[in-house]
Structures are given as structure tokens and as C-alpha cells.
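If you want the building blocks of each chain, they are given just below.
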Amino acid sequence: MATATIEQTLEVSPLGANCYVLACRVKRRGVVVDPGGDEERIIDLVRQLGLDIEHVLLTHGHFDHCYGAPEVCEATGARLWLHEADWEMAMNPDQLLMKVLGHEPRRVEPTDGYDEGDVIRVGALAFEVWHTPGHSPGSVCLRCGDTVLTGDTLFADGVGRTDLPGGDEEQLEESLRRLSRLPDDMRILPGHGPPAEMRYLKRFNPFLTES
């Protein structure tokens, strides 16, 4: 991202999801993407940076990406965005799995639904919404300048699984074909694992090289 952007990454939840804090450096206004847990750490970071968080953006409705959203929204007054195809998943999560991983069952209730082509603006930043189903029905990628937040649709060396409820391998393949057309110098910030440039993925990620 441009040097005028604040970018911080926190690994959260027992499944090691990436939560991103992104903000306009000049106006100190920004977003939190995928607060999947450890909400106290996220809120503390926001306060340390002196940011006004206007939106919480979810790439999809799995609990390891949205579990901490209610507390972050309450602490910051942010609106909570999720594609409507994943609302049911977020509001009625797999409670047994959450308990196994040490979480208390929790409903996450979005305030807003976004879809293909929507743009969320905050400060000097603009997040363009791409609907990229496959990992889940409501998975989205968020493009901001030269960076795409890909959630669990695309990782540096792999992709999100499709054997969970709502997963669809054919839809994921179509979403990956779309992402494979991104320029080589475009950077991805994935839902798990390290960031990478598209030139790396096109060469080493087998799911892109085969698409």
C-alpha cells in the first residue's frame, strides 16, 4: 500500500487468522478487516495508533475471521460489513467447533451487506468489493490501491478449503481465474499466512498455475 497508509497485521484466533488494521495516515480514519478473535489486542492497537475506525470489513462469515467483531464494533462505533450470503453462517455458527477451540458460542450480526462492485471509502482509502465465492458463498476480496485482501479465497501458497458447509470447488476455481488476471506487482494480504506479490503466486501457487 502507499506510504500514506497505516497497515498493521495481527494473527488472531486459535486458527491463526490474519486481522488487518488499515487507515489513512493523514486523517487517521480506517477499517479493521477480519477481527477473528483477540479483540482486546485489536482494540488496544487501534487506540495506540490513535485511529478512528469507521468500518469492520469481513471477507467471509467463518468464526475465525469474525468472532471478535462485536467487541471491536462496540469499542469503536464501526459498522460491520459482510456479504449477505454469509449472514446465516455468522449469526448461527458451528457452536461445537467453537467450544472445542475454547470459544464461547457467539452470534455475529452484521449491520450492512456489501456485494460485487461496492466501494467502502474511509479517509483517502477506497476498498472495492469483489464477490469471490467458493470457500464460502459470501466470500469477498477487497481491493485497495495496489493491494488485495483475499481472505480465505487465496493464500501465498494455496487456497481456502471447499469441504466445509457452503464450499464449492467450481465457484472457487472461477474466483481464482479472476484473481490470476491481477498484475504481477499487485500484492495480496491473505486470511492466513504471509503476504505475497502476484508474480510469486503465478509462479509457485499450484492453484493459480493450473487455472
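Now for a look at the structure at hand. Just so you know, these numbers come straight off a predicted model, no measurement behind them. Numbering of residues starts from 1 in each chain and follows the order in which that chain's sequence is written. Owing to the predicted nature of the model, reporting of local features is limited to residues with pLDDT of at least 70; listing and counting of side-chain atom pairs is limited to 80 or more, with chain, interface and lining totals taken over all residues. To get the side-chain values, all heavy atoms of the structure are used, and hydrogens and water are removed first.

### Description of helix α1 (residues 39-49)
Along an α-helix, residues three or four apart share an orientation, since each turn contains 3.6 residues.
For step 1, the next point in the chain: Taken together, the buried positions of α1 are occupied by Glu-39, Ile-42, Ile-43, Leu-45 and Val-46. Projected down its long axis, α1 carries its buried residues within an arc of 160 degrees, all on one side. Of the residues in α1, the exposed ones pointing more than 90 degrees away from the buried face are Glu-40, Arg-47 and Gln-48.
For step 2, the next point in the chain: Of the surrounding elements, those touching the buried residues of α1 are β1 (5-12), β2 (17-24), β3 (29-33), β4 (52-57) and α3 (69-76).
For step 3, the next point in the chain: Numbering of helices and strands runs from the N terminus; a helix is a DSSP stretch of H or I covering at least four residues, while a strand is a stretch of E covering at least two. Immediately beyond the C-terminal end of α1, within one or two residues, lies Gly-50, with a positive phi of roughly 65 degrees. Burial classification: accessible surface area is computed with a 1.4 Å probe over protein chains only, and a residue below 20% of its type maximum counts as buried, one above 50% as exposed, and the rest as partly exposed. Note: the arc covers the axis-to-C-beta directions of the helix. In what follows, residue pairs with any heavy atoms lying within 4.5 Å of each other are defined as contacts.

### A few points about the environment of Asp-118
For step 1, the next point in the chain: Following the sequence through the fold, Asp-118 ends up in the loop between α5 (95-100) and β6 (119-122).
For step 2, the next point in the chain: In this structure Asp-118 comes out as partly exposed when scored by relative accessible area, which is 31%.
For step 3, the next point in the chain: Residues Asp-118 and Glu-128, spaced 10 residues apart in sequence, show a C-alpha to C-alpha distance of 5.9 Å.
For step 4, the next point in the chain: Beyond its immediate stretch of four places on either side in the chain, Asp-118 contacts Gly-113, Phe-127, Glu-128 and Val-129.

### Brief notes about the packing of aromatic side chains
For step 1, the next point in the chain: The criterion for an aromatic pair is that two Phe, Tyr or Trp rings (for Trp, the six-membered ring) have centres within 6.5 Å, with stacked assigned to planes under 30 degrees apart, edge-to-face to planes over 60 apart and tilted to the rest. One pass over the structure, following the stated rule, counts 2 aromatic pairs.
For step 2, the next point in the chain: Relative to Tyr-114, the ring of Trp-81 lies with its centre 5.7 Å away and its plane at 25 degrees, an arrangement referred to as stacked. Within this pair, whereas Trp-81 is found in strand β5 (residues 79-81), its partner Tyr-114 is found in the loop between α5 and β6, the two being separated by 33 residues in sequence.

### Description of the sheet that holds β3
For step 1, the next point in the chain: Strands sit in the order β1-β2-β3-β4-β5 across an open sheet of 5 strands; the sheet is mixed. Two strands in the sheet have a free side with no partner beyond their single neighbour: β1 and β5. Averaged over all neighbouring strand pairs, the angle between strand axes comes to 20 degrees, with direction disregarded.
For step 2, the next point in the chain: Pairing between strands is defined by DSSP: at least two bridges between the two strands are required. Here 4 bridges tie β2 to β3, and the two strands are oriented antiparallel to one another. Residue Leu-22 lies in a different strand from β3, and its bridge partner there is Val-31.
For step 3, the next point in the chain: Packed on one face of the sheet, α1 meets β1, β2, β3 and β4 and runs near 160 degrees to β1.
For step 4, the next point in the chain: What counts as an axis is a line fitted to C-alpha atoms, over the stretch in contact for a helix, and the angles between N-to-C directions run from 0 to 180 degrees. Lying on the sheet, α3 is in contact with β3, β4 and β5; it crosses β4 at an angle near 155 degrees.

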